Amino acid sequence: MPIEKFITLESSCYPLPIENIDTDQIIPARFLKATTRDGFGDNLFRDWRYDKNNQPVASFVLNDKRYSGKILVAGKNFGSGSSREHAAWAIHGFGFRVVVSSFFADIFKNNALNNGVLPVQVSEKFLASVFTVVENDPVAKLRVDLANQEITIVSTGAKEKFDINPYKKECLLNGYDDIDYLISMKDKIAQYKNPWLVE
């Protein structure tokens with residue numbers, strides 16, 4: 001799957017103020033049999049989005065017509081549980097480019113970054129502010145500036161810095177996966193001379 005370049009994103013968001021959301025809630029295990037990444041977005045939060053009769057649950061945020069956008073704002077400890085990469089596939093497949101939380105499970109964070117989804121970890125205070133703003137205005141927007149590692153609540157101007165692995169940051173800014181990154185370095189690799197090589 002090609003990685004889309006990420007520079008700056010300004011978007012409304014879906015608020016999901018639930019803590020400890022694990023990967024089985026993100027994408028239930030029964031949907032892991034597919035051999036390609038296609039269609040996983042359709043089953044994102046499947047057991048929360050649909051009832052036992054396969055009807056949409058009107059109260060669940062992804063079914064709420066007031067909300068839209070490419071940013072998911074979730075409670076603390078997002079992506080815990082198993083290491084399934086399918087969770088990142090489902091989030092990306094639904095159309096999210098950013099997930100905001102006050103804490104991410106490490107394996108989920110890496111899987112997200114490898115699949116073109118930026119996990120933005122913020123303070124609990126800032127996260128609470130986002131939830132409050134979006135509760136009052138469902139179309140409120142966030143601006144995520146990857147180059148400057150900064151997230152802003154557009155309507156209030158409140159902003160906060162976030163951390164990201166420098167290598168993964170460069171990959172997202174350029175739309176690289178790991179192979180693309182190596183290809184981008186081919187000239188430097190070709191120029192490298194092993195000091196231990198005897199000519």
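So, how was this worked out
Residue numbers here run from 1 along each chain, matching the order of that chain's written sequence. Local features in this predicted model are restricted to residues whose pLDDT is 70 or higher, and side-chain atom pairs enter the listing and the counts only when it is 80 or higher, whereas totals over whole chains, interfaces and linings include all residues. Remark: hydrogens and water are excluded; side-chain values derive from all non-hydrogen atoms of the structure. Remark: nonpolar core denotes a set of buried residues (Ala, Val, Leu, Ile, Met, Phe, Trp, Tyr, Cys) joined through side-chain atoms within 4.5 Å. The classification of residues rests on relative accessible area computed with a 1.4 Å probe and restricted to protein chains. Under 20% of the type maximum is buried, over 50% is exposed, and intermediate values are partly exposed. In DSSP terms, a helix is any run of H or I states spanning at least four residues, a strand is any run of E spanning at least two, and both are numbered starting from the N terminus. Strands are labelled as partners when DSSP assigns at least two bridges between them. Working convention: axes come from line fits to C-alpha atoms, limited for helices to the stretch in contact. Angles between N-to-C directions cover 0 to 180 degrees. Think of a 1 Å grid over just the protein atoms. A cavity is a set of points where a 1.4 Å probe fits yet cannot get out, a pocket is an open set with protein on both sides within 12 Å along at least five of seven lines, and lining residues have an atom within 4 Å of a point. Grid points are joined across faces, edges and corners, and a volume is the space filled by probe spheres set on the points. All amino acids are sorted into three groups, where Ala, Val, Leu, Ile, Met, Phe, Trp, Tyr, Cys and Pro are nonpolar, Asp, Glu, Lys and Arg are charged, and the leftover types, Gly among them, are polar. Pairs of N or O atoms within 3.5 Å make up the polar contacts considered here, provided that, within protein, one atom can donate a hydrogen while the other can accept it, and that residues adjacent in sequence are counted only when both atoms are side-chain atoms. Look down the strands so they point away from you; if going from the first strand over the helix to the second traces a clockwise path, that crossover is right-handed. Working rule for contacts: check all heavy atoms of both residues, and any pair within 4.5 Å makes them a contact. Counted as salt bridges are all cases of a side-chain nitrogen of Lys or Arg within 4 Å of a carboxyl oxygen of Asp or Glu.

Remarks on the nonpolar core
Burial of nonpolar side chains together is a common tendency in soluble globular proteins. Among the nonpolar cores identified, the biggest contains 53 residues, and Phe45, Phe78, Val100 and Leu118 are the most heavily contacted of them. Ranked by residues supplied to this core, first place goes to helix α5 (residues 124-136) with six residues.

A few points about the sheet that holds strand β3 (residues 98-101)
Judged by pairing direction, the sheet is mixed, and its seven strands sit side by side in the order β4-β3-β2-β1-β5-β6-β7 without closing on themselves. Sheet topology places β4 (118-121) and β7 (159-161) at the edges, where each strand pairs with a single neighbour. Going from strand to strand, the sheet's axes swing by 25° on average, the running direction of each strand aside. Bridge count between strand β1 (residues 8-16) and strand β2 (residues 71-74): four bridges; the pairing is parallel. Across the sheet, Cys13 pairs through a bridge with Ile71, a residue of β2.

Considering the layout of surface pockets
If you add up the space inside the largest pocket, you get close to 190 Å³. In terms of lining residues, the largest pocket is bounded by Phe104, Lys109, Leu113, Leu118, Pro119, Gln121, Lys161, Phe162, Asp163, Ile164 and Asn165. Broken down by secondary-structure element, the contributors of at least two residues to the lining of the largest pocket are α4 (106-114) and β4. By residue number, the principal contributor to the lining of the largest pocket is β4, which donates three residues. In the lining of the largest pocket, the residues fall into six nonpolar, two polar and three charged.

Brief notes about the side chain of Asn115
Residue placement: Asn115 occurs in the loop between α4 and β4. Judged by relative accessible area, which is 1%, Asn115 ranks as buried. Among the polar contacts made by the side chain of Asn115, one reaches the side chain of Glu85 at a distance of 2.9 Å.

Looking at the pairing of β3
Side-chain alternation along β3 places Val98 and Val100 on one buried face and Val99 and Ser101 on a second face that is also buried. With three bridges connecting them, β2 and β3 associate as parallel partners. Each bridged residue has a counterpart across the sheet, and for Leu72 the counterpart in β3 is Val99. Read as a crossover between parallel neighbours, the route from β2 over helix α3 (residues 86-94) to β3 is right-handed. For the crossover from β3 across α4 to β4, the handedness is right-handed.

What about the environment of Asp42?
With respect to the helices and strands, Asp42 occurs in the loop between α1 (23-26) and α2 (46-49). Put simply, Asp42 and Ala90 are 48 residues apart on the chain and 7.5 Å apart in space, counted from C-alpha to C-alpha. If near-sequence neighbours (up to four positions away) are discounted, Asp42 is found in contact with Arg49 and Tyr50.

Let's talk about the pattern of salt bridges
Under the defined criterion, the tally for this structure stands at eight salt bridges. When the shortest N-O distance is used, the salt bridge between Asp47 and Arg30 registers 2.5 Å. You can see Asp47 sitting in helix α2 and its partner Arg30 sitting in the loop between α1 and α2, a full 17 residues away along the chain. Residue Asp47 is classed as partly exposed on the basis of its relative accessible area, which comes to 45%. Here Glu150 ties to Lys159 by a salt bridge, and the two come within 3.8 Å at their closest N and O atoms. The structure contains a network of salt bridges with shared partners spanning Glu150, Lys159 and Lys161.

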